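Letter by letter, the chains look like this.
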Amino acid sequence: MTAETIEVGFTTNNSTFTYDSSTNKYLHSQYGGSHIDKENGEQLAFDNVIIIYSEKDDYYGTQYLQFNLWSGGDGYYMTQGKAIPIHWDKNTEWGPMIFQDEDGNDITLNQGKTWISIVPTEDKERTVIE
């Protein structure tokens, strides 16, 4: 599936990625504008973008969110202008997160910077990948 424009699905910051085929990177925007690195003045750019869906709850009754990152779930892996559906899992609290394609094969991420967005499962339908 093509992944030239990605709307992550966050309700608060309108996080989006736009694929730049001249650099093979995804440029990040939020709050209606480019997400700029204060240190170098450049827009944040990534070789890989991963969206995972997870159940959330309030952290011990506070305003902070707590995501369930131990039960696994679905998501997407985007790189080089393409997207594939994935399943993610984590065997232990401190173990690595494992990403697999729809056939259960482990995914090897392309070299470079990777952005991972954790989206509440209830907002899954807000994700748009075109």
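Scroll up to find the structure.
Here is a short report on the structure shown in this document. (Residues numbered from 1 in each chain as written. Predicted model: local features only at pLDDT ≥ 70, side-chain atom pairs only at ≥ 80, totals over all residues. Heavy atoms only, no water.)

**Brief notes about the sheet that holds strand 10 (residues 82-90)**
In spatial order, the strands read 11-10-9-6-12; together these 5 strands make up an open sheet with mixed pairing. Each of the sheet's edge strands pairs with one partner strand only, and the pair in question is strand 11 (97-100) and strand 12 (114-120). When the angles between neighbouring strand axes are averaged without regard to direction, this sheet yields 30 degrees. Note that strand 9 (residues 73-79) and strand 10 share 7 bridges and pair antiparallel. Looking at the pairing, Asp-74 lines up with His-87 of strand 10. (Pairing = 2+ DSSP bridges. Helix = DSSP H or I, 4+ residues; strand = E, 2+ residues; numbered from the N terminus. Axes fitted to C-alpha atoms, helices over the stretch in contact; angles between N-to-C directions.)

**Thoughts on the environment of Thr-18**
Mapped onto the secondary structure, Thr-18 falls in strand 2 (residues 16-20). For the pair Thr-18 and Asp-106, spaced 88 residues apart in sequence, the C-alpha to C-alpha distance is 26 Å. Setting aside residues up to four positions removed in sequence, Thr-18 forms contacts with Glu-4, Lys-25, Tyr-26 and Leu-27. (Contact = heavy atoms within 4.5 Å.)

**Comments concerning a nonpolar patch on the surface**
Together, Tyr-59, Tyr-60 and Tyr-64 give the surface a local cluster of nonpolar side chains, amounting to about 430 Å² of exposed area. Looking at where Tyr-59 falls in the secondary structure, it is placed in the loop between strand 7 (56-58) and strand 8 (65-67). (Patch = residues over 30% accessible without salt bridge, like charges linked within 9 Å, V, L, I, M, F, W, Y side chains within 5 Å. Areas by Shrake-Rupley, 256 points an atom, 1.4 Å probe, with all protein chains shown as cover. Salt bridge = Lys/Arg side-chain N within 4 Å of Asp/Glu carboxyl O.)

**Observations concerning the pairing of strand 10**
The hairpin turn running from strand 9 into strand 10, its antiparallel successor, is 2 residues long, and Gln-80 in that turn takes a positive phi close to 50 degrees. Two strands pair when backbone bridges link them, and strand 10 and strand 11 are joined in this way by 4 bridges, in the antiparallel orientation. Bridging across to strand 11, Lys-90 finds its partner in Met-97. The antiparallel pairing of strand 10 with strand 11 creates a hairpin that spans 6 residues between the two strands.

Everything listed is a geometric property; what it means functionally is a separate question.
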